[in-house]
Amino acid sequence: MHAKITQSMVENMRPGPRDLSIMDTMLRGFELRIRASGARVWAYRHRLSDGRQRRLVLGHFPGIGATAARRLALQAAGDVARGIDVVTRKQVTRMERVRIRQSTLRAFLDSQYEPWARTHLKTADFQIARIRADFAGWMAKPMSDLNTWLIEGWRKNQHEAKKQPVTINRNLQRLQGVLSKAVEWKVLEQHPFAGLKPLKTDRAGRVRYLSADEEARLREGQLQREESLRQARIRFNEWLAARGRTTLPLRTEEYVDHLRPLVLSALNAGLRRGELFQLRWKDVDLTAKWLCVDGATAKNGQTRRVPLNTEALATLEAWRKQVSDAEPRVFPGVGGQRLKRVDRAWRGLHKRAGLQGFRFHDLRHYVPSLTMSGRL
């Protein structure tokens, strides 16, 4: 069918039982195809120098109106007249867009890095979550567009946000690890941050010890916290009883919950938080008075045996009586899963004890500090 294609004609045409092709009488090759489904497709039909017929899809109505479609057809006609294969060009452009979309930081994380990390990295969930949060503005960027100029701007913003150089370096190292895998797997030709130097930091690091007074306040704070929780259970039971509801068991065990034995174990055994979270009863020998940190959970990947001093042994013996024999983990989380964090409980204890600048990680320096100060 041949007719002058106008906006009103396109709007008034109704689909039939079969596809209908309308060729414009004003511009040779300009076509409107009305499909049986109701879709209206703009196209430009032409022949190559070797006689082959090609059809370039210009878009769909009503996203593209008649006037705009005619303009696109004129541009295509001009390109064809100059010997350009417009169909092949469009295919190449589309493939390039797909390549760019698939090579973005987000796409690489989703399709390649994350599956690998979940198999090979102990802290995959945490690491990937940090990368997505720290570099959220770069997720849609092709990895090849990342460069040292962007990094310098990012580090400047991090510095202005009061982040410490060691934190900035650590966060950037995660991204550098991702890009290194992209190079290894031939997704990138070269590392965009090659030669980038980390920010200067204090290599000696920060080691915070408990003073005798702080230790006393920490221990007293733990006891006060547990007594407060016991009293809260009593009050809640009184509230339930007054309403004829079933009361809860009183908290009469040695420990109200896992926080005090966790803190005491960190103090006396010198274990890191992640090592405590992963610790299993099969790796604790209360008779021989030692525990074993599996290399798979240790920071340096090396298995080590840790002797238990008197307080560590007493703590774990008392805690063992409270934990179900069927529970494999020493400090289980909800449903027996790995404990993930104790930040909220630790912050409450930290505040109750009046500690300043003391982290959970610093607990592991307690025993060495006793030796250094002559308190042991």
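The coordinates are above.
Quantities reported herein were computed from a predicted structural model and do not represent experimental measurements. (Residues numbered from 1 in each chain as written. Predicted model: local features only at pLDDT ≥ 70, side-chain atom pairs only at ≥ 80, totals over all residues. Heavy atoms only, no water.)

## Describing the overall build of the protein chain
So, point 1. The helix and strand tally for the protein chain stands at 13 helices and eight strands.
So, point 2. Relative to a compact globule of 376 residues, whose C-alpha radius of gyration would be 21 Å, the protein chain shows 34 Å and is clearly more extended.
So, point 3. Seen through its principal axes, the protein chain has C-alpha atoms that stretch 100 × 65 × 40 Å.
So, point 4. Sorting the 376 residues of the protein chain into buried and exposed places 39% on the buried side.
So, point 5. Approximately 22600 Å² of the protein chain is accessible, and the part contributed by carbon and sulfur atoms is 52%.
So, point 6. The protein chain carries 71 positive and 38 negative side-chain charges, and their two centres are separated by 7 Å. (Helix = DSSP H or I, 4+ residues; strand = E, 2+ residues; numbered from the N terminus. Rg over C-alpha atoms; globule rule 2.2 N^0.38 Å. Buried < 20%, exposed > 50% of the residue type's maximum accessible area, 1.4 Å probe, protein only. Areas by Shrake-Rupley, 256 points an atom, 1.4 Å probe, with all protein chains shown as cover. Lys, Arg positive; Asp, Glu negative; His and termini not counted. Charge placed at Lys NZ, Arg CZ, Asp CG, Glu CD.)

## Description of the side chain of Glu31
So, point 1. Following the sequence through the fold, Glu31 ends up in strand S3 (residues 30-34).
So, point 2. Within polar-contact distance, the side chain of Glu31 engages the side chain of Ser21 at 2.5 Å.
So, point 3. Looking at Glu31, its side chain comes within polar contact range of the side chain of Arg55, at 2.9 Å.
So, point 4. Leaving out residues up to four positions away in the same chain, Glu31 has contacts with Ile5, Ser21, Ile22, Met23, Val41, Trp42, Ala43, Arg45 and Arg55. (Polar contact = N/O pair within 3.5 Å; in protein donor to acceptor, adjacent residues only side chain to side chain. Contact = heavy atoms within 4.5 Å.)

## A short note on the sheet that holds strand S8 (residues 304-307)
One key point about sheets: their strands pair by backbone hydrogen bonds, in either a parallel or an antiparallel sense.
So, point 1. Here we have three strands laid out as an open sheet, ordered S6-S7-S8, and antiparallel in their pairing. With one partner strand each, in any of the chains shown, strand S6 (284-285) and S8 form the two edges of the open sheet. (Pairing = 2+ DSSP bridges.)

## Observations regarding the pairing of strand S2 (residues 20-24)
So, point 1. For S2, the tally of buried residues reaches four of five residues, placing the bulk of the element in the interior.
So, point 2. Two elements, strand S1 (residues 2-3) and S2, share two bridges in a ladder whose sense is parallel. Residue pairing across strands places His2 opposite Met23, the latter belonging to S2.
So, point 3. One ladder, built from four bridges, connects S2 with S3; its direction is antiparallel. Note that in S3 the partner of Ile22 across the bridge is Leu32.

## Observations regarding the packing of aromatic side chains
So, point 1. Under the definition given, this model contains 12 aromatic pairs.
So, point 2. Here the aromatic rings of Phe30 and Trp42 are separated by 5.5 Å at their centres, their planes lie at 15°, and the arrangement is stacked. In this pair, Phe30 sits in strand S3 while Trp42 sits in strand S4 (residues 40-47), placing the two residues 12 residues apart along the sequence. Neither residue differs from the other here; Phe30 and Trp42 are each classed as buried.
So, point 3. Relative to Trp116, the ring of Tyr113 has its centre 5.5 Å away and its plane inclined at 40°; by these criteria the two rings are tilted. Highlighted residues: Tyr113 and Trp116, both in helix H4 (residues 105-120), separated by three residues, approximately one helical turn.
So, point 4. An aromatic cluster is present here, built from Phe108, Tyr113, Trp116 and Trp185 joined pairwise through their rings.
So, point 5. For the cation-ring pair, Arg305 lies above Trp290, with the distance from its terminal atom to the ring centre recorded as 3.9 Å.
So, point 6. The ring of Trp281 has Arg320 lying over it, and the distance from NZ or CZ to the ring centre is 4.5 Å. (Phe/Tyr/Trp six-rings, centres within 6.5 Å; stacked < 30°, edge-to-face > 60°. Lys NZ or Arg CZ within 6 Å of the ring centre and 35° of its normal.)

## What to know about the environment of Phe30
So, point 1. Accessibility expressed as a relative area gives 0% for Phe30, which makes it buried.
So, point 2. Distance in space between the C-alpha atoms of Phe30 and Val323 is 78 Å, their sequence separation being 293 residues.
So, point 3. Among residues more than four places away in sequence, those in contact with Phe30 are Ile5, Ile22, Met23, Asp24, Trp42, Ala43, Tyr44, Leu58, Ala66, Ala69, Arg70 and Ala73.

## Digging into the nonpolar core
So, point 1. By size, the foremost hydrophobic cluster in this structure holds 38 residues, and its most contacted members are Leu218, Val263, Leu291, Phe360 and Leu363.
So, point 2. Within the residue set of this core, elements represented by two or more residues are helix H9 (259-269), helix H10 (273-278), strand S7 (290-293), helix H11 (310-322) and helix H12 (343-353).
So, point 3. Per-element tally for this core: the top contributor is H9, with seven residues.
So, point 4. Apart from residues no more than four positions distant in its own chain, Leu218 is found in contact with Leu210, Val263, Leu267, Trp346, Leu349, Ala353, Leu355 and Leu363.
So, point 5. In this structure, Phe108, Phe135, Leu188 and Phe193 belong to the second largest nonpolar core, which totals 25 residues. (Core = buried A, V, L, I, M, F, W, Y, C linked by side-chain atoms within 4.5 Å.)

## Focus: the environment of Leu291
So, point 1. When you line up the elements, Leu291 lands in strand S7.
So, point 2. Among the residues examined, Leu291 registers a relative accessible area of 2% and is labelled buried.
So, point 3. Spatially, the C-alpha atoms of Leu291 and Arg280 are 9.4 Å apart, while their sequence positions differ by 11 residues.
So, point 4. The contacts of Leu291, once residues within four sequence positions are left out, are Ala269, Leu271, Leu279, Asp283, Val284, Arg304, Arg305, Val306, Leu308 and Leu316.

## Notes on the pairing of S4
So, point 1. Within S4, six of the eight residues are buried, which leaves the element mostly enclosed by the surrounding structure.
So, point 2. The sheet contact formed by S3 and S4 spans five bridges and is antiparallel. From the neighbouring strand, Leu32 faces S4, where its bridge partner is Trp42.
So, point 3. A loop of five residues connects S3 with S4, the two strands running antiparallel in sequence, and Gly38 in this loop sits at a positive phi of about 105°.
So, point 4. Relative to strand S5 (residues 53-61), S4 is paired through eight bridges, and the arrangement is antiparallel. Each residue of the ladder has a partner; that of Trp42, found in S5, is Gly59.
So, point 5. A loop of five residues connects S4 with S5, the two strands running antiparallel in sequence, and Gly51 in this loop sits at a positive phi of about 95°.

The analysis is restricted to geometry; functional conclusions fall outside its scope.
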